[in-house]
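Coordinate analysis (summary)
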Amino acid sequence: MSDHPPEIAVGLQARREQAVTDDVEASFGGAASPRFREVMQALVRHLHAFAREVRLTDAEWQRGIEFLTRTGHLTDDRRQEFILLSDVLGLSMLTVGINAPRSAGATESTVLGPFYVGEHRVTPHGTDLAGGAPGERVLVEAGVTDTAGRPIAGAAVDVWHSDTNGFYDSQKPGYRLDQPELRARFVTKPDGSFHFRTTMPRSYPVPTDGPVGELLRASGRHAMRPAHIHFVLNAPSFETLVTHLFVAGDGYLDSDAVYGVKPSLIVRLEPHDEPTYPDGTPAPGRWQRMAYRFAMKPAPAAPHA
Ligand code: BEZ
Ligand code: FE
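Here is a short report on the structure shown in this document. Keep in mind that this is a model prediction, so the values were computed, not measured.

Looking now at the side chain of S109. Within the secondary structure, S109 sits in the loop between α5 (91–99) and β1 (137–146). The class of S109 is buried, set by a relative accessible area of 12%. Aside from chain neighbours lying at most four places away, what touches S109 is M93, V96, A100, L241, V242, T243 and K262.

Our focus in this paragraph is the pairing of strand β2 (residues 156–160). Of all five residues in β2, five are buried; the element is thus mostly enclosed. Covered by surrounding structure in β2 are A156, D158 and W160 together with V157 and V159, the residues of both alternating faces. As defined by bridge partners, β2 adjoins strand β3 (residues 183–187) across five bridges and the pair is classed as antiparallel. Bridging from a neighbouring strand, A156 pairs with V187 of β3. Direction of pairing for β2 relative to strand β7 (residues 228–234): antiparallel, over a ladder of five bridges. From the neighbouring strand, V159 faces β7, where its bridge partner is F231.

On to the site of ligand 1. Around ligand 1, the neighbouring residues are L84, D87, G113, P114, F115, Y168, Y204, V206, R225, H228, H230 and V258. In this structure, Y168 approaches ligand 1 through a side-chain N or O atom, which is 3.3 Å from an oxygen atom. Within the side chain of H228, a nitrogen or oxygen atom sits 3.0 Å from an oxygen atom of ligand 1. For ligand 1, the protein covers 100% of the area, taking 260 Å² as the surface of the free molecule.

About the cut-offs
- Residues numbered from 1 in each chain as written.
- Chains lettered and ligands numbered in written order.
- Predicted model: local features only at pLDDT ≥ 70, side-chain atom pairs only at ≥ 80, totals over all residues.
- Heavy atoms only, no water.
- Helix = DSSP H or I, 4+ residues; strand = E, 2+ residues; numbered from the N terminus.
- Buried < 20%, exposed > 50% of the residue type's maximum accessible area, 1.4 Å probe, protein only.
- Contact = heavy atoms within 4.5 Å.
- Pairing = 2+ DSSP bridges.
- Near = heavy atom within 4 Å.
- Polar contact = N/O pair within 3.5 Å; in protein donor to acceptor, adjacent residues only side chain to side chain.
- Areas by Shrake-Rupley, 256 points an atom, 1.4 Å probe, with all protein chains shown as cover.

Spelled out as structure tokens, the structure:
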């Protein structure tokens, strides 16, 4: 029990708490890397401020540690529960916004997500990524340009999306990196274009069978992402562009579980009933066309030696 009047006891307690923070912050003061020092000291300040603000109880702290432990145990080279946690906390999109700010004439970026498996295999233009699988087809016809609209030839465009049940190939039992499903790389033609066919993307839930699912349920939040196709574009002298195209009209565009939607990335599909695609390949009944032009930002000039 403190012998001090209540207001003085509160002040003393606050000073003792601040002294812990100051001590820990100072202990990073000797770090060799100034950037490491800056990041760690800010992390300590903000973590401690959070604990003070919510008056974190021992039981809550324990529960948080236990949650992060399970998140780690579930994470391996095929399942990335930590990225998913960052995604549903909006930290991934905040980092995207900090590192790829909006830039005049350039396509906006969004989250990479946990289902990118690295560089895909180069695939001929026009390929049907869904092979013989049934279902309505989407013809994606796109171009890649610089911010002035000049075509970029030879850009590598990695594409991936979920199947009609909402699963990526890498989530399925028996998945093999050398037998990709609904994944490909296209290399843009001299006019900067590429095209392929695939099944209609659908909205799907992010994985909810782990700690992140528990977090969403406890928060009364849904787990859905609006229908989209992922793209990563790489071209020499340009910044890598990580983005999606979203299907206009999807019911989850306003409440994406990972906050990844940007209006400039929403595309209205055009229905077509012609019996062939524009390249003459037979089309099975109605198909949809998704057209888009991706504009890449020039890479920052290398500093002079
Ligand atoms: C995705 O679109 O693949 C994705 C992004 C963030 C979290 C989970 C999935
Ligand atoms: Fe996705």
